[in-house]
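Report on the structure
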Amino acid sequence: MVVQESDEFCSLYEWKAEKGIVNVKTFDVVVADRQEVVRIGWTSFLRGTPFHVVGWAASGAALLDFVCKYQPQVVLMDAVLDDGDSLRLVEKIHAQREEAHVIILSASDNPTYVARAHAWGASDFLSKSISRKQLLSAVTEVVLGLGPTSLGLMRDISRELSRKRDHDKSGGLALTP
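Right, let's walk through the structure included here. Worth saying up front: this structure is predicted, and the values here are computed from it rather than measured.

If you check the start of helix α5 (residues 111-120), you find a side-chain oxygen 2.7 Å away from the backbone N of T112, and it comes from N110. Where α5 ends, the next residue or the one after it, G121, has phi of about 100°, a positive value.

Below is the structure:
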């Protein structure tokens, strides 16, 4: 299932919020990127949706502090933060908040980064050039347990690794049907 109507979903959420209807589930989000303008952009993408930004971070240390303090359901983070490679942080985030959905956003589509993010337990790996509608769709799919998403770069890596695992379990290719 791909969530196609994120804008309509968000409009419904905004309408319910205006009417005081409180049965809409919200999700706390921590946003981490070296550049403040990117953090502001991602936050504005999430404004008026069920995804509530509770903290910003430019470094891995600050990100881990926010995760410990706020216990967010979603972490949106750059692949490289101020204090270096952030892919290893995924494991540390899960140590503090096992249920957190960590979504990596990167300007690079390097398959090695994508595979490493998968190995460390990221929920998805998205391009930073993603639109608001695509980001909302991807985050929604991930929190619903449908990720990695069709928009992300991780789906193909996940499929390939699963195919190889199944191949290895079967002892190789079958010679007969």
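The structure having been displayed, the exposition proceeds.
Below, the discussion takes up the pairing of strand β3 (residues 74-78). The side chains of a regular strand alternate between the sheet's two faces. The element β3 is extensively covered by neighbouring structure, given that 5 of its 5 residues are classed as buried. Alternating positions in β3 separate into two faces, V74, L76 and D78 on one and V75 and M77 on the other, with burial throughout. Of the strand pairs in this sheet, strand β1 (residues 27-32) and β3 are connected by 4 bridges, and their pairing is parallel. Within β3, the residue paired with V30 across the bridge is V75. Where β3 lies against strand β6 (residues 101-106), 5 bridges are found, and the strand directions are parallel. Bridge pairing in β6 places V75 opposite V102.

Here the focus is the packing of helix α3 (residues 60-70) against helix α4 (residues 89-96). Packing of α3 against α4 leaves a shortest axis separation of 9 Å and a crossing angle of 20°. Classified by the angle between their axes, α3 and α4 sit roughly parallel to one another. The chirality of how α3 crosses α4 is right-handed. Along its contact with α3, which presents G60, L63, L64, V67 and C68, the element α4 presents L89, K92, I93 and Q96. Its residues assigned to classes, the contact of α3 with α4 comprises 6 nonpolar, 2 polar and 1 charged.

Rules used throughout
Residues numbered from 1 in each chain as written. Predicted model: local features only at pLDDT ≥ 70, side-chain atom pairs only at ≥ 80, totals over all residues. Heavy atoms only, no water. Polar contact = N/O pair within 3.5 Å; in protein donor to acceptor, adjacent residues only side chain to side chain. Helix = DSSP H or I, 4+ residues; strand = E, 2+ residues; numbered from the N terminus. Buried < 20%, exposed > 50% of the residue type's maximum accessible area, 1.4 Å probe, protein only. Pairing = 2+ DSSP bridges. Axes fitted to C-alpha atoms, helices over the stretch in contact; angles between N-to-C directions. Parallel < 35°, antiparallel > 145°, perpendicular 65-115°, else oblique. Left-handed = near helix turned anticlockwise from the far one by under 90°. Contact = heavy atoms within 4.5 Å. Nonpolar A, V, L, I, M, F, W, Y, C, P; charged D, E, K, R; others polar.

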